[in-house]
Amino acid sequence: EMRYGWLPGSESKIFSTAAGIRVERMARTTGGDIETFMLAPGFEIFGKSGLGGMFSLMYKEEGVDEAFDLSEDVSIPIGHYKFYGAEAVIFTPMSRPYNAMFMINGGEYYDGRNFSIMIMPTMSISQSLQLKGSYQFNYVNFPGRNMFFRSHVANMSMLYMFSIKLSASLLVQYNSLTGDFIGNFRLRYNPKEGNDFYLVIDESEYMGNLHPDPDPPVFYNRAVMVKYTHTFRL
């Protein structure tokens, strides 16, 4: 990755700008064929108010030596694929109590096309309570094979600080494509530096209408974990 940036100066409303290019290449150890190759030139700009954004173009190659499924109805066949895409991201000032990130990308995708949008808002309601959320919509279409799918992925997290020593966080996530619901609760007690106590509760459930098992379980996974760390000198 190579980047070059510059500062416009004290009189400008722009804090910094930068241009760059990123290159990734992954090859298989047997034969040396390309697994993944990406070339992505981009540009970013940030204002002194905290507002900023990034834009990048992407050229990708994917070597698929074994077919795989994207959903129950959509698969990617064996082959070597070359495709182009673009992505744009906008940040609102992170120093404000209410801020967000917006992302949109799209273009070619293997032998089809994809379009995706995402929003990630953050709300600092008080010094003790912070809420975060995200929503992502994906649409992938393969017109030559008459295949497509849509997916909605949403999650929300909450962090509450009872004090500087005690905090609790909650995360929930739902994926409409897989029908999976994930929940996570964590309680952390930090009486002093180097000492931490955690109580974690995890749960995964299937909330879709399709399932390979005619009598699916109520939940995929349910776990309660306790962890304590104590740091001391010898």
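Residues numbered from 1 in each chain as written. Predicted model: local features only at pLDDT ≥ 70, side-chain atom pairs only at ≥ 80, totals over all residues. Heavy atoms only, no water.

## Topic: the pairing of strand E10 (residues 129-142)
In the sheet, strand E9 (residues 112-124) pairs with E10 via 10 bridges, with the strands oriented antiparallel. Bridge assignment links Ile-119 to a residue of E10, and that residue is Tyr-135. Here E9 folds back onto E10 in antiparallel fashion, the turn holding 4 residues. Here E10 pairs with strand E11 (residues 147-161) via 14 bridges, running antiparallel. Pairing of Gly-133 across the sheet is with Met-156, part of E11. In textbook terms, the turn of a hairpin is the stretch between consecutive antiparallel strands, and for E10 and E11 this stretch comprises 4 residues, one of which, Asn-146, has a positive phi near 55 degrees. (Pairing = 2+ DSSP bridges. Helix = DSSP H or I, 4+ residues; strand = E, 2+ residues; numbered from the N terminus.)

## Focus on the nonpolar core
The biggest cluster of nonpolar side chains holds 9 residues, and these are Val-64, Val-74, Ile-76, Tyr-81, Phe-83, Tyr-110, Val-140, Phe-142 and Phe-149. Put simply, the parts of the chain that give this core at least two residues each are strand E7 (79-91) and E10. (Core = buried A, V, L, I, M, F, W, Y, C linked by side-chain atoms within 4.5 Å. Buried < 20%, exposed > 50% of the residue type's maximum accessible area, 1.4 Å probe, protein only.)

## Side note on the packing of aromatic side chains
Enumeration over the complete set of coordinates arrives at 11 aromatic pairs. Ring centres 6.3 Å apart and planes at 70 degrees place the aromatic pair Phe-37 and Tyr-59 in the edge-to-face group. Placement of the pair is Phe-37 in strand E3 (residues 34-47) and Tyr-59 in strand E4 (residues 52-64), with a sequence separation of 22 residues. Taken together, a centroid distance of 6.2 Å and an interplanar angle of 65 degrees make the contact between Phe-83 and Tyr-109 edge-to-face. Taken together, the residues span a long stretch of sequence, with Phe-83 in strand E7 and Tyr-109 in strand E8 (residues 98-109) at a distance of 26 residues. Using a relative accessible area of 24% as the deciding quantity, one classes Tyr-109 as partly exposed. What links up through ring pairs into an aromatic cluster is the set Phe-68, Tyr-81, Phe-83, Tyr-109 and Tyr-110. Positioned above the aromatic ring of Phe-142, the side-chain terminus of Arg-145 is 4.7 Å from the ring centre. (Phe/Tyr/Trp six-rings, centres within 6.5 Å; stacked < 30°, edge-to-face > 60°. Lys NZ or Arg CZ within 6 Å of the ring centre and 35° of its normal.)

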